[in-house]
Amino acid sequence: MLLGVIADDLTGATDVALMLAREGMRVIQTVGVPTSSTHFPDADAVVVAMKSRTNPPKEAVEWSLTACDALLDAGAQQILFKYCSTFDSTNKGNIGPVIDALMHRLGAPYTIACPAFPANGRSVFQGHLFVGATLLSDSPMKDHPLTPMNDSNLVHVLQPQTALHVGLVPFATVEGGPDSVREAFEILSKNGPAIGVADAVTNDHLRVLGKAFSGQKLLTGGSGIAIGLADNFRRAGLLGKNSGAATFVAPIGHSAILAGSCSAATRAQIADAQAKGIECFAIDPIALAENRLSASSILEWAAPRLGKKPVLVYSTAEPDIVRAIQERYGRDEAGAMVEHLLGDVAIGLVELGITRLVVAGGETSGAVVSALGISMLEIGPEIDPGVPWTLAADGRSLALALKSGNFGAVDFFMKSLEML
Ligand code: ADP
């Protein structure tokens, strides 16, 4: 393992994993925090997906250090702490406290903080974060329910979160190239460990920053900061030219689609699959609650239908129907009931010989992955922006496409399976 990444949420983890795969690394993503006894399969990079963005800072720090130790034990030469490209945090954390703890653990004299991700419209100029052409503090992030961002100056945002000195590595320095960046960080940390908020408006800037941090133990930022890291290892002769997502080989077998998302995108994707003649089973939550429907009845329906085409099982419904179910059974209870069922259906489908599974819905994907007992996924090729094919990285023959509800084009289901 060359690079260990600690990501503060699941979709952010997939995002950075895809970035590294695109840059030619073989990437494994863990589901949850690994420990020092975790055995990682062969990979150039391991991305640990935590759910720590808005947890108490103490918890975020503990999980991050546990993940860091596990990654170091497995041979990681460099650690990247990945947070959101809108720098989601409060005065209490969690970005500052986690950076402090990781710097201390890794003995890093300085580190970078750069959430820039130009491809997604996030840029940093004179320390100010822009979302498109709008300052962060004028963007919808100002009204975020958990982490409202009311100041665009990241030096100001980060300083109250840490006892370390926070400074700026401005645009002109980054334009000067990797040596000028390195010199700026050395000056910044002359009187003790320091964090530099670095400007980046283009991918070239991110590559300069990545190169300046070649051989350093710690970087922090959004997915963008990962863009130059594979090249560092390649230049050092540690990474082959042809590793990465190209090695993805999907197992032979039947395919199925499970949808628990009720988002507009997923509803349209189901309609598209139906129009293309895919056989569908619609879950009726009332029948489920009244014990008139179970995983085994769905599996009995599916078994004779497995063949060249996938089968589609969905609980997806229009908003007024979902509201009625939620009023009757409670929002969380109805959600858990459907998630549990889809988890059991996934187990049964795999027993029936399904080796290619598409899942729609963030929580639903979590429920399916945990029902199947999967703790690590190898990242494969990208289907639609932000959604890769993955392989269960525990030796079993199972390819999974895990899609957050609103992701993917209208033909996502068929397109993803045709890709294999
Ligand atoms: P998304 O990514 O679109 O947010 P999730 O899977 O994260 O999708 O969340 C959808 C939630 O809605 C899940 O908890 C799921 O079990 C629940 N759900 C799915 N279908 C229904 C339904 N017909 N009625 C009520 N809740 C449902």
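These figures come from a predicted structure and were not determined experimentally.

The rules behind each value
Per chain, the residues get numbers from 1 upward, laid out in the order the sequence is written. In keeping with the model being predicted, local features are shown solely for residues with a pLDDT of at least 70 and side-chain atom pairs are shown and tallied solely at 80 or more, while totals for entire chains, interfaces and linings include all residues. Side-chain measures were taken over the full set of non-hydrogen atoms in the model, leaving aside hydrogen atoms and water. Numbering goes from the N terminus for both helices and strands, where a helix is a DSSP run of H or I of at least four residues and a strand is a run of E of at least two. What a helix should span is 1.5 Å times the count of its residues minus one. Residue exposure (1.4 Å probe, protein chains only): buried if accessible area is under 20% of the type maximum, exposed if over 50%, otherwise partly exposed. It only takes one pair of heavy atoms within 4.5 Å for two residues to be counted as in contact. The near set for a molecule or strand comprises every residue that places at least one heavy atom within 4 Å of it. Any N or O atom pair separated by 3.5 Å or less is treated as a polar contact, with the protein-specific requirement of one donor-capable and one acceptor-capable atom, and with residues adjacent in sequence counted only for side-chain atom pairs. Calculation of accessible area relied on Shrake-Rupley with a 1.4 Å probe; when residues are assessed, cover is drawn exclusively from the protein chains displayed. Note that Gly is not counted as nonpolar here; it falls among the polar residues with everything else outside the nonpolar set of Ala, Val, Leu, Ile, Met, Phe, Trp, Tyr, Cys and Pro and the charged set of Asp, Glu, Lys and Arg. Segment limits for the domains were obtained from an automatic or database-derived domain assignment. A quick way to say it: buried area is the sum, across both parts, of accessible area lost when two parts are put together, with a 1.4 Å probe. A carboxyl oxygen of Asp or Glu within 4 Å of a side-chain nitrogen of Lys or Arg is what we treat as a salt bridge. Two strands pair if DSSP finds at least two bridges between them. Only buried residues count toward a nonpolar core, which is a set of Ala, Val, Leu, Ile, Met, Phe, Trp, Tyr and Cys residues joined through side-chain atoms within 4.5 Å. Every axis in this analysis is a line fitted to C-alpha atoms, fitted for helices over the stretch in contact. Angles between the N-to-C directions lie between 0 and 180 degrees. Any angle that is under 35 degrees is reported as roughly parallel, and any over 145 degrees as roughly antiparallel; angles of 65 to 115 degrees are reported as roughly perpendicular and all others as oblique. Handedness of each helix crossing follows the sense of rotation of the near helix against the far helix: counterclockwise by less than a right angle gives left-handed, clockwise gives right-handed.

### Brief notes about unusual backbone geometry
Then, number 1: In this model, Gly93 is joined to Asn94 through a cis peptide bond whose omega is 10°.
Then, number 2: By secondary structure assignment, the location of Asn94 is in the loop between β4 (78-82) and α3 (95-106).
Then, number 3: For Gln126, which is not a glycine, the phi torsion comes out positive at approximately 50°.
Then, number 4: Along the chain, the position of Gln126 falls in the loop between β6 (122-125) and β7 (128-131).

### Some thoughts on helix α2 (residues 57-73)
Then, number 1: Along its 17 residues, α2 runs 24 Å from first to last C-alpha, staying within 8% of the 24 Å computed at 1.5 Å per residue.
Then, number 2: Those residues of α2 that fall on the buried side of the exposure criterion are Ala60, Val61, Ser64, Leu65, Ala67, Cys68, Ala70 and Leu71.
Then, number 3: In this fold, the buried residues of α2 make contact with β1 (3-7), β3 (45-49), β4 and α3.
Then, number 4: Looking one or two residues past α2, Gly75 carries a phi angle of roughly 105°, positive in sign.

### Concerning the site of the ligand
Then, number 1: Among the 18 residues in the neighbourhood of the ligand, the closest are listed as Ser261, Glu339, Glu363, Thr364 and Gly405.
Then, number 2: Between Glu339 and the ligand, the recorded distance is 2.5 Å, taken from a side-chain N or O atom to an oxygen atom.
Then, number 3: Thr364 places a polar side-chain atom, nitrogen or oxygen, 2.6 Å from an oxygen atom of the ligand.
Then, number 4: Burial of the ligand by the protein amounts to 82% of the accessible area it has alone, namely 570 Å².
Then, number 5: Broken down by secondary-structure element, the contributors of at least two residues to the shell around the ligand are α12 (319-329), α13 (331-351) and α14 (362-371).
Then, number 6: Considering only residue class, the shell around the ligand consists of six nonpolar, ten polar and two charged.

### Considering the domain arrangement of the protein
Then, number 1: Assigned domains of the protein: these are domain 1 (3-235) and domain 2 (254-419).
Then, number 2: Once you take the C-alpha centre of each, domain 1 and domain 2 turn out to be 33 Å apart.
Then, number 3: At the junction of the two partners, domain 1 supplies 15 residues and domain 2 supplies 13 residues.
Then, number 4: Of the roughly 1,200 Å² buried between domain 1 and domain 2, counting both surfaces, carbon and sulfur atoms make up 66%.
Then, number 5: The largest per-residue losses of area from domain 1 upon contact with domain 2 belong to Leu18, Gln29 and Val31, which jointly make up 39% of the total buried on that side.
Then, number 6: Inspection of the domain 1/domain 2 interface yields two salt bridges.
Then, number 7: Among the salt bridges present, the one from Glu382 reaches Arg22, with a minimum N-O distance of 3.1 Å.

### A look at helix α1 (residues 10-22)
Then, number 1: In this model, α1 (13 residues) spans 18 Å end to end at C-alpha, consistent with the 18 Å of a helix rising 1.5 Å per residue.
Then, number 2: Of all the residues in α1, the buried ones are Gly12, Ala13, Thr14, Val16, Ala17, Leu18, Met19, Leu20 and Ala21.
Then, number 3: On its buried side, α1 packs onto β1, β2 (27-31), β3, β4, β16 (376-384) and β17 (387-392).
Then, number 4: At the exit of α1 stands Gly24, carrying a positive phi of roughly 95°.

### Focus: the pattern of salt bridges
Then, number 1: In the structure shown here, the tally under the stated rule is 20 salt bridges.
Then, number 2: A salt bridge links Arg267 to Glu318; the shortest N-O distance between them is 3.4 Å. In this pair, Arg267 is assigned in helix α9 (residues 264-275) and Glu318 in the loop between β14 (311-314) and α12, connecting sequence segments 51 residues apart.
Then, number 3: Relative accessible area serves as the criterion here: at 23%, Arg267 is assigned to the partly exposed category.
Then, number 4: As a salt-bridge pair, Lys276 and Asp272 come within 2.8 Å of each other at their nearest N and O atoms.
Then, number 5: What emerges from the salt-bridge pattern is a single network uniting Asp8, Asp9, Arg53 and Asp88.

### Some points on the sheet that holds β7
Then, number 1: Read from one edge of the open sheet, three strands run β6-β7-β8, paired in antiparallel fashion. In this open sheet, the two edge strands, each paired with only one partner strand, are β6 and β8 (134-135).
Then, number 2: Taken together, the four bridges between β6 and β7 define a ladder with antiparallel strand orientation. The partner of Phe125 across the bridge, within β7, is His128.

### Structural notes on the nonpolar core
Then, number 1: By size, the foremost hydrophobic cluster in this structure holds 87 residues, and its most contacted members are Met25 and Leu209.
Then, number 2: Counting 32 residues, the second largest nonpolar core, distinct from the first, contains Leu288, Leu293, Leu341 and Leu349.

### Some words on the packing of helix α11 (residues 295-302) against α13
Then, number 1: Viewed as axis vectors pointing N to C, α11 and α13 meet at an angle of 40°, and their least axial separation amounts to 9 Å. By the criterion of interaxial angle, the relationship of α11 to α13 is oblique. α13 is crossed by α11, and the crossing has right-handed handedness. Two secondary-structure elements touch here, α11 through Ala295, Ile298, Leu299 and Ala302 and α13 through Leu341, Asp344, Val345, Gly348 and Leu349.
Then, number 2: Classifying every residue of the contact of α11 with α13 gives seven nonpolar, one polar and one charged.

### Re the environment of Ile354
Then, number 1: Here Ile354 shows up in strand β15 (residues 354-360).
Then, number 2: Take Ile354: its relative accessible area is 2%, and that puts it in the buried class.
Then, number 3: Sequence-distant contacts of Ile354, that is, excluding residues within four places in its chain, are made with His254, Ser255, Ala256, Leu306, Leu349 and Leu398.

### Here's the deal with the pairing of strand β5 (residues 110-114)
Then, number 1: Counting buried residues in β5 gives five out of five residues, a clear majority hidden from the surface.
Then, number 2: Side chains Tyr110, Ile112 and Cys114 project from β5 onto one buried face, and the interleaved Thr111 and Ala113 project onto a second face that is buried too.
Then, number 3: One ladder, built from four bridges, connects β5 with strand β10 (residues 194-198); its direction is parallel. Within the sheet, the bridge partner assigned to Tyr110 lies in β10 and is Ala194.

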